[in-house]
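Descriptive analysis of the structure
Each chain, letter by letter, is given below.
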Amino acid sequence: MSDSLFSVEGQVVLVSGGTRGIGRALAEGFCERGATVVVTGREPAVAETAAGEIAAKTKGRCFGLGCDVAQKSQIDKCVAEIVAQQGRIDTLVNVAGVNRRKPAADVTEDDWDFIIDTNLRGAFFMSQAVGKQMVAQKGGSQIQICSLNNYGPLPWVLPYAASKAAVGHMTRVLAMEWGSHGVRVNAIAPGYILTDLSKKLWSNPMMQEWNTANTPLRRLGQPDDMNGAAIFLASKASSFMTGQIVFVDGGFSAGIMWPIDKAT
Ligand code: NDP
């Protein structure tokens, strides 16, 4: 039985950073359920190829556009183009994100700008551009992508951790500013998910062992593990929910795992 409470059918969904990884899985999830999806990435050709593959796989409607979120002018152009073509944007999933892992003492200006311009500045100006449209159309849902760094920061990724902490607060502030206009803003905080961004890290057996020991559900996440929460946050099922960060992390943030199985 399909349940209209969770329906995203007929929605126009923008997945910013949807060419690979988590964004691509989310785009496929929305497409499979009857939404019209626009995926973006830095290179127009890459986004168009990804959209063609998503449409073919899901037998749905998916379009690709180039939009480097580090360039505000590209965001404004991209949002205007989608609104001109589709008439509205019902859901924004702000996925575009990057990371460079190194000690804080070695972070360069280039590292800082690269990460902050994409993960925070880009996410904000994308939210702002889409938010203006959502306020004008009197409704919409925005889904930010946070991280386990919103639960507790990790060492060696200071700009990334700071960007995700800021996106968490951005989620709450936008929820307060736009709630009266029917625009909801929530976030998903994925746990450890196997993607291009993280595959080198998780190829290390020591890291795999650490993850299994510390994740109650005893595995790494897959990109499509995020789909349920995203569909929920985009649908009527979450209509009284805004300003929240939903952790989808196999239970990692539930508490602190001990290296013993039973009380001794
Ligand atoms: P991937 O590296 O697999 O994918 C990143 C996506 O972001 C690609 O589609 C890429 O498109 C896009 N992107 C990167 N920079 C830009 C930019 N300047 N403008 C537009 N698009 C851009 O990463 P993940 O799928 O792993 O990560 C996706 C999000 O999830 C990120 O925000 C990340 O911080 C977050 N996250 C990931 C976790 C994980 O374990 N993997 C855990 C917690 C959070 P293209 O290359 O075509 O430009």
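Anyway, here's the lowdown on the structure attached to this text. Just so it is clear, the structure is predicted and the values come from calculations on it, not from any experiment. (Residues numbered from 1 in each chain as written. Predicted model: local features only at pLDDT ≥ 70, side-chain atom pairs only at ≥ 80, totals over all residues. Heavy atoms only, no water.)

**Structural notes on the site of the ligand**
Around the ligand sit 30 residues in total, of which Thr19, Arg20, Arg42, Tyr160 and Thr195 are the nearest. In the model, an oxygen atom of the ligand is placed 3.4 Å from a nitrogen or oxygen of the Gly17 main chain. Here an oxygen atom of the ligand sits 2.9 Å away from a polar atom, N or O, in the main chain of Ile193. About the coverage of the ligand: the protein hides 95% of its 890 Å² of free accessible area. The set of elements that each furnish at least two residues to the shell around the ligand consists of helix H1 (21-32) and helix H5 (158-178). Classifying every residue of the shell around the ligand by side-chain character gives 14 nonpolar, eleven polar and five charged. (Near = heavy atom within 4 Å. Polar contact = N/O pair within 3.5 Å; in protein donor to acceptor, adjacent residues only side chain to side chain. Areas by Shrake-Rupley, 256 points an atom, 1.4 Å probe, with all protein chains shown as cover. Helix = DSSP H or I, 4+ residues; strand = E, 2+ residues; numbered from the N terminus. Nonpolar A, V, L, I, M, F, W, Y, C, P; charged D, E, K, R; others polar.)

**Some points on the layout of surface pockets**
Counted as a void, the second largest pocket has a volume near 160 Å³. As for the second largest pocket, its lining consists of 14 residues, of which Arg219, Gly221, Asp225, Asp249 and Gly250 are closest to the centre. Among the residues forming the lining of the second largest pocket, the class breakdown is six nonpolar, five polar and three charged. (1 Å grid on protein atoms, 1.4 Å probe; cavity = no way out; pocket = protein on both sides within 12 Å on 5 of 7 lines; lining within 4 Å. Points joined across faces, edges and corners; volume = space filled by probe spheres on them.)

**Brief notes about the packing of aromatic side chains**
Within this structure, the stated rule accounts for seven aromatic pairs. With a centroid separation of 6.5 Å and an interplanar angle of 75°, the aromatic rings of Tyr151 and Phe247 are classed as edge-to-face. Residue Tyr151 is located in the loop between strand S5 (140-145) and H5, and its partner Phe247 is located in strand S7 (residues 245-248); the two are separated by 96 residues in the primary sequence. Here the aromatic cluster, defined as three or more aromatic residues joined through ring pairs, consists of Tyr192, Trp202, Trp210 and Phe252. (Phe/Tyr/Trp six-rings, centres within 6.5 Å; stacked < 30°, edge-to-face > 60°.)

**Overview of the side chain of Lys164**
In this structure, Lys164 sits in helix H5. For Lys164, the side chain forms a polar contact with the main-chain oxygen of Ile145, separated by 3.0 Å. When sequence neighbours within four positions are dropped, the list of residues in contact with Lys164 reads Asn119, Ile145, Cys146, Ser147 and Asn150. (Contact = heavy atoms within 4.5 Å.)

**A word on the packing of helix H3 (residues 72-86) against helix H4 (residues 109-136)**
Look at H3 against H4: their axes get within 10 Å of each other, and the N-to-C directions meet at 30°. The orientation of H3 relative to H4 falls into the category roughly parallel. Of the two elements, H3 crosses H4, and the hand of that crossing is right-handed. Along its contact with H3, which presents Lys72, Ile75, Asp76, Val79 and Val83, the element H4 presents Arg121, Gly122, Phe125, Met126, Gln128, Ala129, Val130 and Gln133. Class assignment for the residues of the contact of H3 with H4 results in seven nonpolar, three polar and three charged. (Axes fitted to C-alpha atoms, helices over the stretch in contact; angles between N-to-C directions. Parallel < 35°, antiparallel > 145°, perpendicular 65-115°, else oblique. Left-handed = near helix turned anticlockwise from the far one by under 90°.)

**Concerning the side chain of Asp249**
Within the secondary structure, Asp249 sits in the segment after S7. Reaching out from Asp249, the side chain makes a polar contact with the side chain of Ser253 at a distance of 2.6 Å. Sequence-distant contacts of Asp249, that is, excluding residues within four places in its chain, are made with Leu148, Pro190, Gly191 and Thr215.

**Some details on H3**
With 15 residues, H3 extends 21 Å from end C-alpha to end C-alpha; this agrees with the ideal 21 Å at 1.5 Å per step. Considered for burial, the residues of H3 that qualify are Ile75, Cys78, Val79, Ile82, Val83 and Gln86. In an axial view of H3, the angular spread of the buried residues amounts to 130°, which keeps them on one side of the axis. Along H3, exposed side chains directed more than 90 degrees from the buried face belong to Ser73, Lys77, Ala84 and Gln85. Buried-residue contacts for H3 involve strand S1 (12-16), strand S2 (36-41), strand S3 (61-66) and H4. Positive phi shows up at Gly87, right after H3, with a value of about 90°. (Expected span 1.5 Å × (residues − 1). Buried < 20%, exposed > 50% of the residue type's maximum accessible area, 1.4 Å probe, protein only. Arc of directions from axis to C-beta.)

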